[in-house]
Amino acid sequence: KAYLFITPLNDTPSTQTSPQYHMDSSTPTDVYVWDPSFDEEYQSEEEEEEIQNGRSSPNALQTSLESFASDPAIVSALNENIDLTEYGITLDAKLKEAEGKAVEQYAAKGDDLSALQGSIDDCDVTLSSMQEMLLGFQADLGGISEEIKSLQEESMSMNVKLRNRKAAEHRISSFLKNIVISPDLATTICNGDVSKEYLDYVVELDAKHKYVNLREPADDGSSADISPSDTVAGREMRSHIDKLRLKAVEKTRGYFLSKIGELRKAKTNVRMIQTSSLLQYSALMKFLDNAAPDVHNEIRDVYVESMSKVLSGLFKTYQSQLGKLDLKVAGKNDLIAVEEGAVKDMFTSKVNLTKRADPFTLGERGKVLDIADEKPIMVHIAIAEGEKFPYEMLFRSIVKHLMDAATNEYVFTKEFFVTPSRDVFNNIFTKTLSLVLENLENYLFNSHDAIGLLLMIRLTHANRKIMKERGVNVLDNLFDRINMLLWPRLKNVFDNNLKSLKAATQMPKRLGTVDLHAHYISRRYAEFSSSILALVKAMEVSKSQQRQDDAAEGGQAVRFGGKEMLKSDMANLTEAMTKMLMALANQHSTSKNKIVFLINNYDSIACVLAERKVEREEVAKFEEKLNQQREQFVEEELRQSYARLISFVQQTESSQSGKRPELDQSLVENLVRQFSSSWKSGIEQINKNVLSYFSNFRNGMEILKQVLTQLLLYYTRFQDIIRKAWKKPPPFTRDLVSTSAILAEIKKYALAI
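Predicted, not measured: the structure shown is a model, and the values here were computed from it. (Residues numbered from 1 in each chain as written. Predicted model: local features only at pLDDT ≥ 70, side-chain atom pairs only at ≥ 80, totals over all residues. Heavy atoms only, no water.)

A. Up close: the overall build of the protein chain. The helix and strand inventory of the protein chain stands at 26 helices and three strands. For the protein chain, the proportion of its 753 residues judged to be buried stands at 39%. Look at the contacts in the protein chain between residues 6 or more apart in sequence, and 76% of them connect residues 24 or more apart. For the protein chain, the accessible surface area stands at approximately 43700 Å², while carbon and sulfur atoms represent 53% of it. (Helix = DSSP H or I, 4+ residues; strand = E, 2+ residues; numbered from the N terminus. Buried < 20%, exposed > 50% of the residue type's maximum accessible area, 1.4 Å probe, protein only. Contact = heavy atoms within 4.5 Å. Areas by Shrake-Rupley, 256 points an atom, 1.4 Å probe, with all protein chains shown as cover.)

B. Spotlight on the pattern of salt bridges. Taken as a whole and judged by the stated rule, the model has 34 salt bridges. The salt bridge partner of E575 is K579, with a shortest N-O separation of 3.5 Å. Of this pair, E575 and K579 both sit in helix α21 (residues 555-585), four residues apart, which is roughly one turn of that helix. On the basis of relative accessibility, which here comes to 48%, the residue K579 falls in the partly exposed class. Between E611 and R612 there is a salt bridge, with the nearest N and O atoms lying 3.5 Å from each other. (Salt bridge = Lys/Arg side-chain N within 4 Å of Asp/Glu carboxyl O.)

C. Summary view of helix α24 (residues 665-693). If you look at α24, its biggest bend is around 55°, right at S678. Restricting attention to buried positions, one finds in α24 the residues V668, L671, V672, F675, W679, G682, I683, I686, N687, N689, V690 and Y693. (Bend = angle between axes of the 7 residues up to and from the residue.)

D. Representation of the nonpolar core. Grouped together as the largest cluster of nonpolar side chains are 175 residues, with contacts concentrated most on F256, L475, M580, F633, Y642 and F718. Top element by residues in this core is helix α15 (residues 391-416). It accounts for 13 residues. If sequence neighbours within four positions are ignored, F718 has contacts with L645, F648, V649, V668, L671, V672 and L736. (Core = buried A, V, L, I, M, F, W, Y, C linked by side-chain atoms within 4.5 Å.)

E. Looking closely at the environment of I457. For I457, the location among the structural elements is in helix α17 (residues 450-470). By relative accessible area, I457 is classed as buried at 0%. In the structure, I457 is positioned 26 residues away from N483 in sequence and 6.6 Å away in space, judged by C-alpha atoms.

F. Representation of unusual backbone geometry within the structure. Although it is not a glycine, K267 adopts a positive phi angle of roughly 55°. Looking at the secondary structure, you find K267 in the loop between α8 (232-262) and α9 (270-278).

G. Spotlight on the packing of helix α5 (residues 110-179) against helix α7 (residues 196-212). In contact at an axis separation of 8 Å, α5 and α7 are set at 115° when each is read in the N-to-C sense. Touching F175, K177, N178 and I179 of α5 are K208, Y211 and V212, all from α7. Its residues assigned to classes, the contact of α5 with α7 shows four nonpolar, one polar and two charged. (Axes fitted to C-alpha atoms, helices over the stretch in contact; angles between N-to-C directions. Nonpolar A, V, L, I, M, F, W, Y, C, P; charged D, E, K, R; others polar.)

H. Geometry of a nonpolar patch on the surface. On the surface, a nonpolar cluster with roughly 370 Å² of combined accessible area is contributed by Y106, L113, L116 and I120. Considering each element in turn, the nonpolar patch owes the most residues, three residues, to α5. With respect to the element layout, L116 can be found in helix α5. (Patch = residues over 30% accessible without salt bridge, like charges linked within 9 Å, V, L, I, M, F, W, Y side chains within 5 Å.)

I. Region of interest: the side chain of S531. Looking at the element boundaries, S531 is found in helix α19 (residues 520-538). Side-chain polar atoms of S531 contact the backbone nitrogen of L362, separated by 2.9 Å. (Polar contact = N/O pair within 3.5 Å; in protein donor to acceptor, adjacent residues only side chain to side chain.)

J. Quick peek at the packing of aromatic side chains. One pass over the full model with this rule turns up 21 aromatic pairs. Look at F360 and F528: their rings are 6.1 Å apart centre to centre, the planes differ by 75°, and that puts the pair in the edge-to-face class. One end of the pair, F360, is in the loop between α13 (353-357) and α14 (379-385); the other, F528, is in helix α19, with 168 residues separating them in the sequence. The exposure class assigned to F528 is buried, which follows from its relative accessible area of 1%. In textbook terms, an aromatic cluster arises when at least three aromatic residues are bridged by ring pairs, as seen for Y255, F256, Y281, Y303, F412, F416 and F417. (Phe/Tyr/Trp six-rings, centres within 6.5 Å; stacked < 30°, edge-to-face > 60°.)

K. Seen up close, helix α10 (residues 282-291). Turning to α10, its buried residues number three or more, namely S282, L284, M285, F287 and L288. Considering only its buried residues, α10 is in contact with α7, α8, α9, α11 (293-322) and α15.

L. Examining the packing of α17 against helix α18 (residues 476-506) more closely. Remark: α17 packs on α18, axes separated minimally by 9 Å, with the N-to-C direction vectors making an angle of 160°. As the angle between them shows, α17 and α18 are arranged roughly antiparallel. The interaxial crossing formed by α17 with α18 has left-handed handedness. Across from A450, L453, L454, M456, I457, T460, N463, R464 and M467 in α17, the residues of α18 making contact are D476, F479, D480, I482, N483, L486, W487, R489, L490 and V493. Across the contact of α17 with α18, the residue classes break down as 12 nonpolar, three polar and four charged. (Parallel < 35°, antiparallel > 145°, perpendicular 65-115°, else oblique. Left-handed = near helix turned anticlockwise from the far one by under 90°.)

M. Structural detail: the confidence of the model for the protein chain. Per-residue confidence for the protein chain gives a mean pLDDT of 82, with 85% of residues at or over 70. The element-level mean pLDDT for the protein chain is lowest in strand β1 (residues 4-6), coming to 40, with α17 highest at 94. Confidence drops under a pLDDT of 50 for residues 552-560, and excluding neighbours within four residues, the segment shows 24 contacts in the predicted structure. (pLDDT = per-residue confidence, 0-100.)

N. Region of the structure containing the side chain of S397. Examined against the element boundaries, S397 turns out to sit in helix α15. Under the relative-accessibility criterion, S397 is labelled buried at 0%. Beyond its immediate stretch of four places on either side in the chain, S397 contacts Y318, L322, P376 and I377.

O. Looking closely at the environment of L435. Turning to its location among the elements, L435 is positioned in helix α16 (residues 421-445). The exposure class assigned to L435 is buried, which follows from its relative accessible area of 18%. Expressed as a C-alpha distance, the spacing of L435 and Q319, which sit 116 residues apart in the sequence, is 9.4 Å. When neighbours within four sequence positions are excluded, L435 is seen to be in contact with S312, F315, K316 and Q319.

P. Quick peek at the environment of E575. Exposure remark for E575: the relative accessible area of 45% places this residue in the partly exposed category. Separated by 77 residues in the primary sequence, E575 and L498 place their C-alpha atoms 9.7 Å from one another.

What follows is the structure, given as structure tokens:
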């Protein structure tokens with residue numbers, strides 16, 4: 001049987017500190033001893049050593065006393081004054097009794113503890129077996145790990161070798177691709193026609209040629225650290241590539257020369273050949289420039305020569321056909337002041353007004369400035385419809401065609417040829433530009449149309465701006481030369497018109513009979529002046545537009561030189577016109593007829609200028625002259641019927657000095673009776689005269705109003721003189737006509753009109 005002993009509190013604890021149960025060496029093998037010291041609070045190593053040695057340190061003693069002092073049983077015994085010896089014996093007896101009970105309980109559980117011990121032993125055996133098995137597994141895994149590590153190292157080595165071989169393969173492949181000639185490439189270059197595929201092969205061949213001639217290692221690393229030209233393969237393939245390049249040069253040359261030859265054929269669409277047959281293969285021209293510069297220059301020269309002939313021929317034909325559409329607007333006799341015979345109709349002695357207006361009226365001709373960049377005239381359609389155009393329309397069409405052709409050639413040559421485009425352009429258009437300028441010179445030699453010349457100047461300025469907006473400034477020299485032709489001719493035409501006015505002033509009878517109505521020269525001058533001033537006004541631009549035009553060559557000639565010249569010429573023309581009208585007015589015998597003639601002419605000029613919306617300053621010049629002549633006419637017309645009355649009023653008013661005037665009563669009475677008897681017939685005669693003198697209804701009405709108003713003023717002043725002369729009105733004052741009666745008569749004529 002197994003025995004379990006409980007160590008008393010005062011016994012020395014076992015030296016073992018870790019397990020709570022331990023085997024006591026003094027007990028049988030199967031007896032377990034419980035050490036209660038392990039349920040106590042932890043003691044320091046020094047205290048434990050002192051206890052084992054039978055010594056108690058002050059600290060240990062103090063700790064024990066504190067522990068006993070806190071025990072409830074001890075505290076209760078001390079408080080009751082119990083004898084400690086007897087109390088110890090009692091406790092010892094209780095302890096032995098408790099010990100016996102505990103032993104009995106543990107003895108009752110001995111079989112269970114023995115079974116537990118057997119189970120623990122079996123577990124130890126099982127765990128030992130598992131430990132051996134796990135150790136075997138660990139050994140096996142260690143071997144597998146070594147194998148995996150070896151395989152991993154071998155895989156990394158193979159991966160490095162693979163990358164190296166791929167890099168080498170890529171370089172070798174790139175090198176071979178750059179030097180090896182494929183059968184398709186060789187066959188196409190030698191036997192194929194020029195096409196998109198042929199172009200691709202030529203570009204590939206040119207790239208191979210550049211590669212095999214590299215003197216340094218290739219940038220892509222395909223030749224490693226060796227220049228392709230130093231490799232055996234590169235030297236071997238160079239000769240083959242050069243032979244193929246020569247073949248490509250030969251075939252490309254033949255293709256371009258044949259296509260350029262097609263440009264010379266009649267009715268050829270030049271633009272289509274340029275786009276689809278030449279410009280599409282511009283890369284071949286770059287190839288020729290690198291492979292055979294002489295061939296490139298040859299093709300360029302042939303193209304320049306061919307296009308020069310084609311364009312000059314086209315423009316020569318076009319200008320010739322446009323000449324059939326020319327509407328002859330002005331001739332040498334179409335001057336402001338020309339002899340009457342030059343403007344008379346051949347079947348009548350009257351002046352042909354239609355013939356007179358054409359060279360001087362702007363009319364619809366100004367619309368050509370709004371269509372400067374629109375499509376040119378289609379000659380065959382215009383001829384079929386029987387249309388005619390003034391020369392500025394033909395000039396617009398020619399220059400429009402020229403600008404379109406120049407833009408097309410400039411862009412084409414810039415993209416097709418390697419050389420600078422302006423040099424090629426100049427060589428192509430030299431003949432054409434000379435032809436256009438020559439045609440313009442021939443026209444200007446016999447041109448007398450000042451309005452047409454000024455319109456062409458405006459068109460040239462507009463065309464320069466159009467080309468600037470396109471970014472093609474190759475025609476600037478042409479525009480400058482055109483201006484240099486137009487401005488002097490315009491000045492010459494102005495001078496001729498000015499000379500005609502001065503000559504007419506010296507010899508007015510050459511202009512024919514002069515009646516009271518507006519002379520045809522006044523109409524010519526008014527139309528010419530309004531047309532020129534309208535075009536000059538259109539030259540005025542805003543400050544921002546001026547800054548833009550400053551960048552364009554030639555714009556300053558119109559704005560700073562031309563405009564001032566035109567204004568100066570117009571001022572001279574106006575002065576000469578005024579003098580000529582005075583000379584024509586002097587052809588009349590009476591001063592009244594002179595005044596009527598000047599009024600009709602000034603009114604005609606002012607009306608035309610106002611209708612054409614000319615600047616107010618120009619209209620005011622002739623309105624001022626017109627008002628001056630109207631005032632003179634009013635006096636002349638009133639003196640014709642009321643000369644005595646007007647003279648009496650003027651003399652009396654000038655002689656009186658604030659005193660009562662002394663008048664001849666019989667004279668005043670005679671004037672009163674004469675006016676009262678004839679004033680209605682006089683007003684009627686004035687109305688008839690005004691209506692017969694002035695063909696312009698508005699002008700006649702204004703003059704009639706002024707005449708009758710002045711008559712009323714004179715008569716009112718006459719009545720004032722009478723009232724001042726006599727305090728008591730004389731008997732004849734009963735015959736004075738009232739002002740209201742005169743006003744009523746004036747209103748009657750106004751309503752009748």
